[in-house]
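Structural description and commentary
Residues per chain, in single letters:
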Amino acid sequence: MNNATLHCIIVEDEPLAQERARDFVAKLPFLHLGGTFDNTTDALAWIKSQPVDLIFLDINLGTTSGITLLEQAHITAQVVFTTAYHEYALQGYDLKITDYLLKPYTFERFVQAVDRVLELREKSAAPPLPDRGFIFVKTEYRLEKITLSEILFIEGMSDYLRIHTKDKRIMTLATFADLEKELPGHLFCRVHKSYVVALSAIETIEKDRIKIKDTLIPISDGYKKAFYAKL
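Scope of this entry: the structure provided in the associated data block. (Residues numbered from 1 in each chain as written. Predicted model: local features only at pLDDT ≥ 70, side-chain atom pairs only at ≥ 80, totals over all residues. Heavy atoms only, no water.)

1. Some words on the pattern of salt bridges
We count it as follows: The term salt bridge refers to a side-chain nitrogen of Lys or Arg lying within 4 Å of a carboxyl oxygen of Asp or Glu. A run of DSSP states H or I qualifies as a helix once it reaches four residues; a run of E qualifies as a strand once it reaches two. Both are numbered from the N-terminal end. For the exposure calls, accessible area comes from a 1.4 Å probe over protein chains only, and a residue counts as buried if that area is under 20% of its type's maximum, exposed if over 50%, partly exposed in between.
Applying the stated rule across the entire model yields 13 salt bridges. In this structure, the salt-bridge partner of D99 is R116, at a minimum N-O distance of 3.4 Å. One end of the pair, D99, is in strand β7 (residues 99–102); the other, R116, is in helix α5 (residues 107–125), and 17 residues separate them in sequence. Residue class for D99 comes out buried when judged on its relative accessible area of 1%. A relative accessible area of 38% places R116 in the partly exposed class. The salt bridge involving E144 is made with R142; its shortest N-O contact spans 3.2 Å. What makes E144 buried here is its relative accessible area of 12%.

2. Topic: the sheet that holds strand β15 (residues 204–206)
Rule in force here: At least two bridges found by DSSP between two strands is the condition for calling them paired. With axes taken as lines fitted to C-alpha atoms, and helix axes fitted only over the stretch in contact, angles between N-to-C directions fall between 0 and 180 degrees.
An order of β15-β16-β17 is seen for the three strands of this open sheet, with the pairing classed as antiparallel. Lying at the two open borders of the sheet, with one neighbouring strand each, are β15 and β17 (215–218). This sheet shows a mean twist of 25° between the axes of neighbouring strands, independent of strand direction. In terms of strand pairing, β15 meets strand β16 (residues 209–212) through three bridges, oriented antiparallel. Within β16, the residue paired with E206 across the bridge is R209.

3. Observations concerning the sheet that holds strand β11 (residues 160–165)
Reading across the sheet, the five strands line up as β12-β11-β10-β14-β13 and stay open at both edges, with antiparallel pairing between neighbours. Lying at the two open borders of the sheet, with one neighbouring strand each, are β12 (169–172) and β13 (188–192). Averaged over all pairs of adjacent strands, the angle between strand axes in this sheet comes to 20°, irrespective of strand direction. Relative to β12, β11 runs antiparallel, the two sharing four bridges. Of the residues in β12, the one forming a bridge with R162 is M171.

4. Quick word on the pairing of strand β8 (residues 134–139)
In β8, alternate side chains face the same way, and those of I135, V137 and T139 are buried while those of F134, F136 and K138 on the opposite face are not. As paired strands, β8 and strand β9 (residues 142–147) are joined by six bridges and run antiparallel to one another. Each bridged residue has a counterpart across the sheet, and for F136 the counterpart in β9 is K145. Here β8 folds back onto β9, and the loop between the two strands holds two residues, one of which, E140, carries a positive phi near 55°.

Below, the structure written as structure tokens:
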């Protein structure tokens, strides 16, 4: 834990669940509770007018849905789902939530979720790595230097990645997670489980498909929001 103040809100329509969440927030002095809401309309109005770092968000809110709020509004705050329904977990992570608290959750589990929020906040505040303009990848028995401006897109090929550049294709035994650590986030974006694209190489986007040279690359739902935000 650290001493950073997090401005949070609770979006929950069950009175007992509201009370539990407020009690847990009150136990952590660095959490500042801005308000508690039982519907997405009032919550969204608050988010638009006040600083919010963290939202504790129920999924089923009577006639509305916390998932709908995330899908239809531009939410920059971190989100922790609080719900009695485990079947929404996968959909939640597709929406890039930070954690998923299954009711009835304990204070210890609540603290774990907040710790994760703080950890991600610290990582995002860290200074970016210097942009060297190139990377080295292992291909066959050598390390090959690739200039970042030459990369068009990167394609997942089972256990390998195929890096498509302006004049050649390079196969490397690596994972997207490994390579994304080396690629500047303002220049490259993951758009599908099998594709990372260079933003500068994109020619057109139509019907959630990216055209780079003669290749059409799909934009999957799980990466769509982050990709269009970068554009």
